[in-house]
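# Descriptive structure summary
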2 protein chains.
Amino acid sequence: MSTSTRRGRRPGRPDTKAAILAAARESFAAAGFGGTTIRAIATTAGVDAALVHHYFGSKEDLFVAALALPVDPRAVIGSALAGPADEAAEKLVRTFLSVWDDPGFQPALLATVRRVLEPGGDKLIREGFLPVVLIPVGEQLGLDRPELRMPLVASQVIGLILARYVVRIEPIASLDPERLVAIYAPTIQRYFTGDLGG
Amino acid sequence: MSTSTRRGRRPGRPDTKAAILAAARESFAAAGFGGTTIRAIATTAGVDAALVHHYFGSKEDLFVAALALPVDPRAVIGSALAGPADEAAEKLVRTFLSVWDDPGFQPALLATVRRVLEPGGDKLIREGFLPVVLIPVGEQLGLDRPELRMPLVASQVIGLILARYVVRIEPIASLDPERLVAIYAPTIQRYFTGDLGG
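Not measured: the values here are computed from a predicted model. (Residues numbered from 1 in each chain as written. Chains lettered and ligands numbered in written order. Predicted model: local features only at pLDDT ≥ 70, side-chain atom pairs only at ≥ 80, totals over all residues. Heavy atoms only, no water.)

Once that is clear, we can look at the packing of helix H5 (residues 73–80) of chain B against helix H6 (residues 88–101) of chain B. Residues and elements named next belong to chain B. It is at 9 Å that the axes of H5 and H6 come closest, and there the two elements cross at 140°. Taken together, the axes of H5 and H6 lie oblique to each other. In terms of crossing hand, the pair formed by H5 and H6 is right-handed. Note on element contacts: H6 touches H5 through Lys91, Leu92, Thr95, Phe96 and Val99, opposite Val76, Ile77 and Ala80. A class-by-class count of the residues in the contact of H5 with H6 yields 6 nonpolar, 1 polar and 1 charged. (Axes fitted to C-alpha atoms, helices over the stretch in contact; angles between N-to-C directions. Helix = DSSP H or I, 4+ residues; strand = E, 2+ residues; numbered from the N terminus. Parallel < 35°, antiparallel > 145°, perpendicular 65-115°, else oblique. Left-handed = near helix turned anticlockwise from the far one by under 90°. Contact = heavy atoms within 4.5 Å. Nonpolar A, V, L, I, M, F, W, Y, C, P; charged D, E, K, R; others polar.)

So this is what it looks like as structure tokens:
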């Protein structure tokens, strides 16, 4: 087994990468993002920690890779939200729908949603997706209290995803994306920047 | 096996009632509410259709019984929403939180949510819960377009339930119920009676 730490594009041994990802999923699910170390993942996978960094980059990158999403949510959400915070909701809903409506992405996204809804999967969201992806996006947008506002945004986006793609409730499942943008953007914009009554 | 059709409070044979409920769950999940008949359920359970009515009442009542909820959602939502439609959201969020925060109800509610999120469970919501419980509530409230508005309400309530009770995302999981009422009631009130931009 190679323990090379050289940088550069190399495919890597598929079984080694799979072993690292399996160890990473197990550790993130059991211990959360904060309780997981690259060193412990490497030990479980039987490889050198440097090899984990070589294949996957930072701990944040490894976490996102372990989610097995078809797209990197940091890139998608980050670029969707570039620009003023008071236009963020419309862009977010439009981008989410375009990614989720894409038949090339939808099956993998659905599989991820089902996985995090299984017992134990909650920790992946709570101690991984939130601090690694969601809260940093809110900070980048310059939101007041991103640690409150981003979970509220998530609570409506999750509900929309479940209604449209998982449970497929009509008319939400079939509505034109731009109708859904008109319906949901005001809700999410208020969670981003509006008065929350407290 | 009794095939009595007499009315009145009698406990019924537990194994017969369980067989009827099992047959009902199977049929509602496979064929939806509209595609299910009391007669077919009775045949599967090996009893007379009159006995099904005797034990469970109407097909709507049997559907709600098959959901195995700790409370009848028609009674809870109906009484919560008694009064003018423009105050409905605040009452709905407050009632939902009080039922869900009750440790006597929460485990059974969580089990129901997990069941409907499993493959196949979507039909129970789409072809059962919506037409039997949700849309009638919207009609009772006199909403304009209840068949659009009630699913929108559901999409935010589902997201709140997942965030607070299933995934337990902070701060939503620990916030005081009245803070959550202040945050979510304006969203849900707009879905009930507001401008949806289309």
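Anyway, onward from the coordinates.
Here the focus is the packing of aromatic side chains. Scanning the entire structure with this criterion turns up 12 aromatic pairs over all chains. Ring centres 5.1 Å apart and planes at 85° place the aromatic pair Phe28(A) and Phe63(A) in the edge-to-face group. Taken as a pair, Phe28(A) in helix H1 (residues 14–31) and Phe63(A) in helix H4 (residues 59–66) lie far apart in primary sequence, 35 residues in all. Phe63(A) carries the same exposure label as Phe28(A), and that label is buried. Among the aromatic side chains, those forming a connected cluster through ring pairs are Phe28(A), Phe33(A) and Phe63(A). Here Lys17(A) stacks its cationic end above the ring of Tyr55(A), 5.4 Å away from the centre of that ring. When the ring centre of Phe33(B) is taken as origin, the NZ or CZ atom of Lys59(B), which lies over that ring, is 4.4 Å away. (Phe/Tyr/Trp six-rings, centres within 6.5 Å; stacked < 30°, edge-to-face > 60°. Buried < 20%, exposed > 50% of the residue type's maximum accessible area, 1.4 Å probe, protein only. Lys NZ or Arg CZ within 6 Å of the ring centre and 35° of its normal.)

Before going further, it helps to examine the domain arrangement of chain A. All names here are of chain A. Segmentation of chain A into domains returns domain 1 (16–66) and domain 2 (73–193). Put simply, the middle of domain 1 and the middle of domain 2, counted by C-alpha atoms, are 26 Å apart. Between domain 1 and domain 2 lies a buried interface of about 850 Å² when both sides are counted; carbon and sulfur atoms form 64% of it. It is Ala29, Phe63 and Val64 in domain 1 that bury the most area against domain 2; as a group they hold 48% of the surface buried on that side. Here domain 1 is connected to domain 2 by 0 salt bridges. Across the domain 1-domain 2 interface, the total number found is 0 residue pairs in polar contact (both at pLDDT 80 or more). Listing elements by their share of the side of domain 1 that touches domain 2, those giving two or more residues are H1 and H4. Looking at the side of domain 1 that touches domain 2, its residues break down into 8 nonpolar, 2 polar and 3 charged. (Domains from an automatic or database assignment. Buried area = accessible area lost by both parts, 1.4 Å probe. Salt bridge = Lys/Arg side-chain N within 4 Å of Asp/Glu carboxyl O. Polar contact = N/O pair within 3.5 Å; in protein donor to acceptor, adjacent residues only side chain to side chain.)

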